[in-house]
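# Fold and geometry: a report
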2 protein chains.
Amino acid sequence: MWICELKPELGGLRDQIYTSFKEAYAAGRMKTGERLPSKRALAARLGVSAITVEGAYAQLISEGYVVARPKRGYFVADVFVGAPFVVGSALSSGLKGRYDQGKSDERVEIDLSSGMADPKTFPFATWARILRETITTRERELMTPSPSKGVAPLRAAIAEHLARFRGMSVDPEQIVVGAGSEYLYGLAFQLLGRDKRYALENPGYPKIGQVYGSLGAELSFVDSDSRGMRVVGLAESGANVAHLSPTNQYPTGAVMPISRRYELLAWASDAAERWIVEDDYDSEFRFSGRPIPTLQSVDALGKVVYMNTFSQSISSTIRIGYAVLPETLLDRFDERLSFYSNTVSTFEQHALAEFVRRGCFERLLNKRRLHYARVRTAIVENLKSSALADRCELFERDSGLHFLLKLHTSTPDAELARRMTDAKIRLTPVANFYRDPERAEPKTYLLRYSNLDPEKARIAFDRIARLL
Amino acid sequence: MWICELKPELGGLRDQIYTSFKEAYAAGRMKTGERLPSKRALAARLGVSAITVEGAYAQLISEGYVVARPKRGYFVADVFVGAPFVVGSALSSGLKGRYDQGKSDERVEIDLSSGMADPKTFPFATWARILRETITTRERELMTPSPSKGVAPLRAAIAEHLARFRGMSVDPEQIVVGAGSEYLYGLAFQLLGRDKRYALENPGYPKIGQVYGSLGAELSFVDSDSRGMRVVGLAESGANVAHLSPTNQYPTGAVMPISRRYELLAWASDAAERWIVEDDYDSEFRFSGRPIPTLQSVDALGKVVYMNTFSQSISSTIRIGYAVLPETLLDRFDERLSFYSNTVSTFEQHALAEFVRRGCFERLLNKRRLHYARVRTAIVENLKSSALADRCELFERDSGLHFLLKLHTSTPDAELARRMTDAKIRLTPVANFYRDPERAEPKTYLLRYSNLDPEKARIAFDRIARLL
């Protein structure tokens, strides 16, 4: 049984409730299926608003501790049963720069699947000012070669950001800066071992497999369900390394609940040379709740290499990502990979350090979240008032930068694709992200709005309606 | 027999003489051992100055077409006989940022083997101005993601530079920009094949083997002599790919003569999947003669991947290199590797494009060459007036940024190393660059002066003299 006690030292009221539940859960005081107090009852007892309790519950739901049963209340989730893969509830959610990034095609008039960040949201003036200041004030640092893992101020700024934004406790010594995620995948491959088998998510982001494949890794594609990569499938695959995005599976947007995270860590702990690469590429664009704890934060055995990139969150024209190594791999990195020169110029490393240190990065993320929320609302409105309104379904959750759009039509997929091309519309089928496309929901497309003008979207919706 | 005819359309007088000889050689009109006219006789006949003829001959000598025999004259070189490996004549010459770059050690007071470029020679003000202008005037380009191979203006500027500076005719489509040479070695490995055996030079630059090795390549180390990698050894190694620096072997400074270049190309042409990676890292720092034609320029069959880097020639803090692919590999690159995002930020790509386009890069190279020549002279003078003067020999050629210093002492190498460490002097033995250190000339060290203060060098020379 959970008796919620408020501990002001844990932060705001919502966080206190949230943490109190997690402690009770971790201590075994809340069992699967057990009912939580109703929002109203708990709010009354604690003397807080119902909205505060609702925020805490929403967070627990998004992390998989709790399920809401309509008209019945809140229950501790049955944590070891995977839910079936359901379009609508699980599919959709965050992605941004991923896939097809930067590809442009003159035969396309309206691109409904472009993952580029909206250049208008990039604080160019601020970035330019910091670049100028860096040139002017840091001559000596700019002429000093970077250590292999990156310059100290940037690694310190990243560590601080991870502490504030992701609740991660990381020593700057664990951080390796590199020229974008793809480069860092390659480093991970060299660090964790070329003789390993790498398990990737299916469906998933195709580039990850392309990078590992190009380097000669043996690959297994493990099915994801609504809770992320299936650990049973992972175990059966014989893989030693699992590369996945637990906070934001691509393209389904599935959030891996805490229970499966522990299952995954249990899998990794079963053998010495098992590792997890936690690709946290898009965690910045959740629209509500606070970000979900990373695998890295709950990894007691040093099995997790955490990765993220500024190319996604700032601008795809900036090629800087980073990995956080577990302490278990620090010596191995020094032995095997510290001969490498760092791949990012010292100039951009110092400028980015300032950008993060001064809070510009967090302000950019906040601004982007607001901007994208407005764009999302406008696009939904435009869809509802378009000719396509009663010929489709839109699936979305409260995080991320895409919808899934399911079209109601008897026209076969291939014919539909031909007609879209003729109409100069690009809309990517979700099937493209499956190793086995027949598993994908048919006639379902990725509608990405990070750089989509709602007015253009309306034109596209009307045009698509005429094609069905 | 060679009858030199001047053809003004071929350029300056020196170039006309040079080209006329090469045509006669290529046509078989000059045989091994045949004598060339004396400088004075040819100058008189052509009505040009003896200095002009001397310049043309020096170039032919440096490229290995011609040998000068003291008091006897100039002869066509015996092109297929490798000379023995001789310290003094062949050892020494160009290197700059290579190896140990950026490593600093507080236990070292005077570093005689640091390969860093002298920061004072970097035109920081110009670079800063171009960075500022790029920020101000290129907002749109900076927000547009780079194509996989790099932005068009940079690739065009590199192509033009290669045409002017190296006489290479390259289409910008052949150029791939990446975050430094080490990254590009990895791309070459993925492009040419993970199943290949890679032949590297012995002695050689250790990092090349570290990169290929870390990626899992099978390696062979092929002996170099005074003419560069021995093709007989290469053939025996069973390698499919030869990675070498024909214009400036490291650390010997050997320049591969044209005859051996043809041998090498002949080796590559003997099988479909044989390739050459021409690592031209330091060609900018020859002090006389014009740069030697690259393998890439004489590669008729599309077997050569040419590589160079601005991290060496501008500043090690700028991480930008490039590869020039032969046309035979363009489709393969598109198929296998164009999924990669470019690893250099668009900002630095555009800034570097301007730096090269405006001639700043060539001016920097010219300035550096003058600066290094002065430093070299001062260091030689200081050595001659130091207590070490009669306890050593200095070997150098007219190109490159290091000497070899051979110490005359009966103290064993290991004891010598211990004493140097105690005296806080760092001086790297050439043996460090050999797979089989016993092959190296004993008690011989790499004295690198690209970032060495002549006054500090004098102190070090006196200190070393007391250690012997």
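Predicted model only: the values in this text are computed from it and were never measured. (Residues numbered from 1 in each chain as written. Chains lettered and ligands numbered in written order. Predicted model: local features only at pLDDT ≥ 70, side-chain atom pairs only at ≥ 80, totals over all residues. Heavy atoms only, no water.)

### Details of the pairing of strand 8 (residues 241-244) of chain B
All names here are of chain B. Where we set the bar: Burial status follows relative accessibility: with a 1.4 Å probe on protein chains alone, a residue under 20% of its type maximum counts as buried, one over 50% as exposed, and anything between as partly exposed. Starting at the N terminus, helices and strands are each numbered in turn, a helix being any DSSP run of H or I of at least four residues and a strand any DSSP run of E of at least two. Should DSSP find at least two bridges between two strands, the strands are taken to pair.
Neither face of strand 8 is left uncovered, since the one carrying Val-241 and His-243 and the one carrying Ala-242 and Leu-244 both have all their residues buried. As paired elements, strand 5 (residues 197-202) and strand 8 share two bridges and run parallel to each other. Residue pairing across strands places Ala-199 opposite Ala-242, the latter belonging to strand 8. As defined by bridge partners, strand 8 adjoins strand 9 (residues 275-279) across four bridges and the pair is classed as parallel. Paired with Leu-244 across the strands is Glu-278, a residue of strand 9.

### Topic: the packing of aromatic side chains
All names here are of chain A. Where we set the bar: Any Phe, Tyr or Trp ring, taking Trp's six-membered ring, that has another such ring centre within 6.5 Å forms a pair; planes under 30 degrees apart are called stacked, those over 60 apart edge-to-face, and the others tilted. Criterion for a charge above a ring: Lys NZ or Arg CZ within 6 Å of the ring centre, and within 35 degrees of the ring normal.
Under the criterion given, the structure shown has 32 aromatic pairs over all chains. Measuring from centroid to centroid gives 5.3 Å for Trp-127 and Phe-355, while their planes differ by 90°, and the two rings are edge-to-face. In this pair, Trp-127 is assigned in helix 4 (residues 124-137) and Phe-355 in helix 13 (residues 346-357), connecting sequence segments 228 residues apart. Here the aromatic residues Phe-122, Phe-124, Trp-127 and Phe-355 are joined through ring pairs into a cluster of three or more. Sitting over the ring of Phe-75, Arg-69 keeps its end group 4.8 Å from the ring centre.

### Considerations on the environment of Val-222 of chain B
Residues and elements named next belong to chain B. What counts, and what does not: Contacts are residue-level and defined by heavy atoms, with any inter-residue pair within 4.5 Å sufficient.
Structurally, Val-222 can be placed in strand 6 (residues 218-225). Among the residues examined, Val-222 registers a relative accessible area of 3% and is labelled buried. Setting aside residues up to four positions removed in sequence, Val-222 forms contacts with Ala-199, Leu-200, Glu-201, Asn-202, Met-229, Arg-230, Gly-233, Leu-234 and Ser-237.

### Details of the confidence of the model for chain A
Applied cut-off: Residue-level confidence of the predictor is summarised by pLDDT, bounded by 0 at the bottom and 100 at the top.
With 91% of its residues at a pLDDT of 70 or more, chain A has an overall mean of 86. For residues 79-104 of chain A, every residue scores under 50 in pLDDT, and the model assigns this stretch 100 contacts once sequence neighbours within four places are set aside.

### As for the interface of chain B and chain A
Defined as follows: By buried area we mean how much accessible surface two parts lose on assembly, using a 1.4 Å probe and totalling the loss over both. Here a salt bridge means any side-chain nitrogen of Lys or Arg lying within 4 Å of a carboxyl oxygen belonging to Asp or Glu. Identification of polar contacts relies on pairs of N or O atoms within 3.5 Å, with a donor-acceptor requirement for protein atoms, meaning one able to donate a hydrogen and the other able to accept it, and with residues adjacent in sequence counted only if both atoms are side-chain atoms. Each residue is assigned to one class: nonpolar for Ala, Val, Leu, Ile, Met, Phe, Trp, Tyr, Cys and Pro, charged for Asp, Glu, Lys and Arg, and polar for all the others, Gly among them.
The partner chain A presents 44 residues to the 44 residues of chain B that form the contact. Three residues stand out in chain B for area buried against chain A, namely Phe-124, Met-143 and Phe-339 of chain B, and they jointly supply 18% of the buried area on that side. Summed over the shared surface of chain B and chain A, the number is zero salt bridges. Our enumeration of links across chain B and chain A arrives at 22 residue pairs in polar contact (both at pLDDT 80 or more). Mapped by element, the contributors of at least two residues to the side of chain B that touches chain A are helix 4 (124-137), helix 5 (139-142), helix 7 (181-192), helix 8 (206-214) and helix 13 (346-357) of chain B. Here the side of chain B that touches chain A takes six residues from helix 4 of chain B, the largest share from any one element. A breakdown of the residues in the side of chain B that touches chain A according to their chemical character gives 20 nonpolar, 17 polar and seven charged.

### Some details on the pattern of salt bridges
Residue and element names in this part refer to chain A. Per the stated rule, a full pass over the model turns up 54 salt bridges over all chains. Between Glu-455 and Arg-458 there is a salt bridge, with the nearest N and O atoms lying 3.6 Å from each other. Linking Glu-455 with Arg-458, this pair stays in helix 16 (residues 454-467), spanning three residues, or about one helical turn. Looking at Glu-455, the relative accessible area reads 45%, which means it is partly exposed. Ionic contacts of the salt-bridge type, sharing partners, join the residues Arg-129, Glu-133, Arg-138, Glu-141, Glu-354, Arg-357 and Arg-358 into one network.

### Here's the deal with the sheet that holds strand 16 (residues 444-448) of chain A
Strand-to-strand pairing in sheets goes through backbone hydrogen bonds, with the strands running parallel or antiparallel. Pairing in this open sheet of four strands is antiparallel, and the strands run 12-13-16-15 (chain A) from one edge to the other. Of all the strands in the sheet, the pair left with one neighbour each is strand 12 (392-395) and strand 15 (428-429) of chain A.

### Observations regarding the nonpolar core
As a reminder, the rule being used: Think of a nonpolar core as a cluster: buried Ala, Val, Leu, Ile, Met, Phe, Trp, Tyr and Cys residues, connected wherever their side-chain atoms sit within 4.5 Å.
By size, the foremost hydrophobic cluster in this structure holds 140 residues, and its most contacted members are Leu-388 and Leu-407 of chain A together with Leu-388 and Leu-407 of chain B. Counting 78 residues, the second-largest nonpolar core is a separate cluster that includes Phe-333 of chain A together with Leu-184, Ala-217 and Val-305 of chain B.

### Here we look at helix 12 (residues 330-337) of chain B
Each α-helix winds once per 3.6 residues, and so residues spaced three or four apart point in a common direction. Stated precisely, the cut-off is as follows: Note that the arc is defined by the directions from the helix axis to the C-beta atoms.
Every buried residue of helix 12 of chain B is listed here: Leu-330, Arg-332, Phe-333 and Leu-337 of chain B. Around the axis of helix 12 of chain B, the buried residues are gathered within 160° of arc, so they sit on the same side. More than 90 degrees from the buried face of helix 12 of chain B, the exposed residues found are Asp-331 and Glu-335 of chain B. Contact partners of the buried residues in helix 12 of chain B: helix 8 (206-214) of chain A together with strand 4 (175-178), helix 7 and strand 9 of chain B.

### Digging into the relation of the copies chain B and chain A
As a reminder, the rule being used: What sets the superposition is a least-squares fit of C-alpha atoms, and only residues with pLDDT of at least 70 in both copies go into it.
Of the two same-sequence chains, chain B is brought onto chain A (RMSD 0.2 Å, axial shift 0.0 Å) by a rotation of 180°. What we have between these two chains is a two-fold relation. Relative to the rotation axis, the C-alpha of Arg-132 of chain B is the closest in chain B, positioned 3.1 Å from it. When the interface residues of chain B are mapped onto chain A, 100% of them again fall at the interface, so both copies present the same face.

### Topic: the sheet that holds strand 9 of chain B
Residues and elements named next belong to chain B. The condition is simple: Only the stretch in contact is used when a helix axis is fitted, and all axes are lines through C-alpha atoms; the angle between N-to-C directions ranges over 0 to 180 degrees.
What the eight strands build is an open sheet, ordered 4-11-10-9-8-5-6-7; its pairing is mixed. Strand pairing shows two members of the sheet lacking a second neighbour, strand 4 and strand 7 (228-229), which therefore form its edges. Note: strand 4 against strand 11 (residues 321-324), four bridges, orientation antiparallel. Directly across from Val-176, in strand 11, lies its bridge partner Ala-323. Across the sheet, helix 10 (residues 258-269) lies against strand 6, strand 7, strand 8, strand 9 and strand 10 (304-309), angled at about 145° from strand 9, the strand it touches most.

### What about unusual backbone geometry?
Residue Pro-203 of chain A is bonded to the preceding Asn-202 of chain A through a cis peptide linkage, with omega at 0°. Relative to the elements of secondary structure, Pro-203 of chain A occurs in the loop between strand 5 (197-202) and helix 8. That bond from Tyr-250 of chain B to Pro-251 of chain B is cis: its omega, 0°, falls within 30 degrees of zero. Assignment of secondary structure puts Pro-251 of chain B in the loop between strand 8 and helix 10. Phi at Lys-443 of chain A takes a positive value of approximately 55°, unusual for a residue other than glycine. Following the sequence through the fold, Lys-443 of chain A ends up in the loop between strand 15 and strand 16.

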